[in-house]
Amino acid sequence: MNVAETEEKYSQLPEREGSVQKVRAEHEGYAGAYGSERTTKNNAANASESKKGMLEEVVSVTNLNEAYKRVKANKGTHGVDGMKVDELLQYLKENGEAIQQAILGGKYRPNPVRRVEIPKEDGKKKRNLGIPTVVDRVIQQAIAQMLTPIYERQFSENSYGFRPKRNAHGAIEKSRIHIQEGYKYVVDMDLEKYFDTVNQSKLIEVLSRTIKDGRIISLIHKFLRAGVVVRHKFEETELGVPQGGNLSPILSNIMLNELDKELERRGHRFVRYADDLLIFCKSRRSAERTLEHIMPFIEEKLFLKVNREKTVVDEARGIKFLGFSFYEVKGETRVRIHPKSIAKMKAKIKEHTSRSNGMGNEERAKKLGRYIMGWVNYFKIADMKKMLKTTDEWMRRRIRMVYWKQWKRVKTRFKKLQTLGVREQKAWEFANTRKGYWRTSGSPILSTTLGNNTIKGLGFLFFSDYYRQVTA
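Residues numbered from 1 in each chain as written. Predicted model: local features only at pLDDT ≥ 70, side-chain atom pairs only at ≥ 80, totals over all residues. Heavy atoms only, no water.

Side note on helix H5 (residues 88-104)
Since the α-helix advances by 3.6 residues per turn, residues separated by three or four positions end up pointing in the same direction. Quick reminder of the rule: By the criteria applied, helices consist of DSSP H or I runs no shorter than four residues and strands consist of E runs no shorter than two, each listed in order from the N terminus. To estimate the expected span of a helix, subtract one from its residue number and multiply by 1.5 Å. Burial classes: relative accessible area under 20% of the type maximum marks a residue as buried, over 50% as exposed, and values in between as partly exposed (1.4 Å probe, protein chains only).
With 17 residues, H5 extends only 21 Å from end C-alpha to end C-alpha; this falls clearly short of the ideal 24 Å at 1.5 Å per step. Regarding H5, the residues found buried are Leu88, Leu89, Tyr91, Leu92, Asn95, Gly96, Ile99, Gln100, Ala102, Ile103 and Leu104. Where H5 terminates, the next one or two residues include Gly106, which has phi positive at roughly 75°.

This is the structure we're talking about:
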């Protein structure tokens with residue numbers, strides 16, 4: 001089945017006539033996306049005047065407009081229908097009530113997701129993302145907003161991923177505390193292709209224990225079974241939760257909360273962030289027994305698969321968790337950045353400071369700055385002052401190399417060096433050097449003329465400077 005046929009099969013809304021006009025004023029008022037509360041009461045709520053259930057709350061004006069704001073803020077790419085986030089407001093104004101009625105009447109049919117593949121850290125394998133249409137994103141977000149407060153009361157204190165007011169930093173600190181208290185061996189659990197292999201029937205069963213409005217369960221099931229478009233061909237989705245949808249994070253937590261409760265029942269110390277799980281033990285033998293005993297529950301009760309090659313029992317200092325690792329100094333457990341995370345960061349810096357990527361220096365400085373800020377904000381809880389200092393020195397040398405390569409001709413180099421304050425005779429001598437780009441970038445020719453302050457004045461941000469700023 002091709003994309004055109006797929007869209008026809010799964011279309012649930014009035015077709016757009018021509019191209020949807022872009023919103024002239026983005027902040028004109030989010031409430032306009034779904035009309036007024038009175039309109040909704042006159043139309044949507046008539047479906048169940050005497051009895052309002054959770055589905056009516058999902059499609060309420062307040063909830064849908066909050067969902068729209070979230071989708072708008074997160075931006076993101078288009079789904080199979082090609083509609084962009086910027087086109088969403090006008091489309092919802094024109095078709096919002098029809099969408100509400102379709103949902104309440106059980107006639108809403110989600111579109112299949114668009115498959116996007118992104119490389120994993122090792123560069124060899126790829127992670128499958130499923131990108132829903134922007135309209136489906138709003139509806140998924142509306143459902144997620146209803147599920148979150150309900151399940152937050154059930155979720156474990158040891159779960160940190162995709163939850164309000166919880167993050168990776170909390171997971172790392174809790175792990176550090178466990179290690180500090182003597183639980184120095186861990187089961188580093190790897191669930192093989194977790195998002196792609198979630199058993200949908202089991203997930204629906206778990207959901208049904210708490211969510212008593214069967215229409216909500218039915219709508220979620222429709223999203224799970226909507227299918228995927230891969231290279232213009234439709235494929236069924238009988239397994240998995242599409243990674244990339246607004247519902248996926250909370251659905252994955254709902255499923256893995258079953259594992260959390262079992263680990264708590266058995267008295268284990270653990271930390272989970274999404275499908276990344278560490279179980280802490282006091283000895284290697286205890287960790288091995290824990291792994292042996294918990295695998296049957298995961299595979300036979302939850303119908304998930306443990307990746308036996310990647311699941312390991314090791315000392316806590318030997319594992320990589322969320323990009324961090326642990327070490328001990330004078331009896332104190334501390335946090336540092338895992339070497340693989342540092343290597344990944346340097347590869348990104350190399351990409352931005354490549355001599356032949358066609359990037360202008362102003363754009364290069366902006367992209368580097370954005371990357372550095374994001375990276376430092378994530379890893380700032382780790383001990384990294386010395387590492388940042390050497391990284392900055394290496395990065396500045398690469399930036400000098402870029403400029404030297406751009407100047408190319410002797411005359412250009414001569415003029416640029418004079419502009420930077422080098423005396424005429426010395427500038428001519430430097431401009432005629434036969435040293436290679438990398439060697440020149442580390443020599444006095446550039447380390448003195450394109451000094452640290454000069455590079456900073458060109459708009460470049462240094463790791464150490466930003467780290468001091470955010471940790472002051």
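Considerations on helix H15 (residues 385-407)
Between the first and last C-alpha of H15 there are 33 Å, a value that for 23 residues agrees with the 33 Å anticipated at 1.5 Å per step. Once H15 finishes, Lys408 follows within two positions and takes phi at roughly 55°, a positive value.

Brief notes about the confidence of the model for the protein
Basically, it comes down to this: pLDDT measures the predictor's confidence residue by residue and takes values from 0 up to 100. Only heavy atoms matter for contacts: two residues are in contact if any of them lie within 4.5 Å across the pair.
When the pLDDT values of the protein are averaged, the result is 87; 88% of them are 70 or greater. Segment residues 36-50 is flagged for pLDDT under 50; beyond a separation of four residues in sequence, or across chains, it makes 17 contacts in the model.

Topic: the environment of Val59
Within the fold, Val59 resides in the loop between helix H3 (54-58) and helix H4 (61-74). Sequence spacing of Val59 and Ile139 is 80 residues, and the spatial spacing of their C-alpha atoms is 8.2 Å. Every residue in contact with Val59, bar those within four places of it in the chain, is listed here: Leu64, Gln100, Ile103 and Leu104.

Observations regarding the side chain of Arg176
Along the chain, Arg176 falls in helix H7 (residues 168-180). Classification of Arg176 by relative accessible area gives buried; the value is 19%. Among all residues touching Arg176, those that are not within four sequence positions of it are Phe326, Thr333, Arg334 and Val335.

Regarding empty space enclosed by the protein
Threshold: Here the term cavity refers to a set of points on a 1 Å grid, laid over the protein atoms alone, in which a 1.4 Å probe fits but cannot get out; the term pocket refers to an open set having protein on both sides within 12 Å along at least five of seven lines, with lining residues being those that place an atom within 4 Å of a point. Grid points are joined across faces, edges and corners, and a volume is the space filled by probe spheres set on the points. Residue polarity follows a fixed list, in which Ala, Val, Leu, Ile, Met, Phe, Trp, Tyr, Cys and Pro are nonpolar, Asp, Glu, Lys and Arg are charged, and the others, Gly among them, are polar.
Enumeration according to the criterion identifies one cavity of 30 Å³ or more in this entry. For the largest cavity, the calculated volume is near 110 Å³. Lining the largest cavity are 13 residues, with Gln140, Phe223, Leu224, Pro242 and Ser248 sitting closest to its centre. Listed by contribution, the elements that provide at least two residues to the lining of the largest cavity are helix H10 (214-224) and helix H11 (248-265). Per element, the largest residue contribution to the lining of the largest cavity is three residues, and it comes from H10. Taken together, the residues of the lining of the largest cavity sort by class into nine nonpolar, four polar and no charged.

Some remarks on the sheet that holds strand E5 (residues 233-235)
What counts is decided by this rule: Strand pairing is assigned whenever DSSP detects at least two bridges linking the two strands. Interaxial angles span 0 to 180 degrees and are taken between N-to-C directions of axes, which are lines fitted to C-alpha atoms, for helices over the stretch in contact.
Taken in spatial order, the four strands of this open sheet run E2-E1-E4-E5, and their pairing is mixed. Bordering the open sheet on either side are strand E2 (126-131) and E5, each of which pairs with just one other strand. Across the sheet, the mean angle separating the axes of adjacent strands is 40° when strand polarity is ignored. Relative to E2, strand E1 (residues 113-119) runs antiparallel, the two being bridged by six bridges. When the bridges of E2 are listed, Arg114 appears paired with Ile131.

Side note on a positive patch on the surface
Keep this limit in mind: A residue counts toward a patch only above 30% relative accessible area and without a salt bridge, and it is joined to like-charged neighbours within 9 Å or, for Val, Leu, Ile, Met, Phe, Trp and Tyr, to nonpolar neighbours within 5 Å. Method for areas: the Shrake-Rupley scheme with a 1.4 Å probe, in which residue coverage is limited to the protein chains shown. We count a salt bridge whenever a side-chain nitrogen from Lys or Arg sits within 4 Å of a carboxyl oxygen from Asp or Glu. For the purpose of charge, His is not counted, nor are the chain termini; Lys and Arg are scored as positive and Asp and Glu as negative. Note that the charge is assigned to NZ on lysines, CZ on arginines, CG on aspartates and CD on glutamates.
A contiguous patch of positive charge on the surface is contributed by Lys125, Lys193, Lys305 and Lys310. Inspection of the secondary structure puts Lys305 in the loop between helix H12 (284-301) and strand E8 (312-315).

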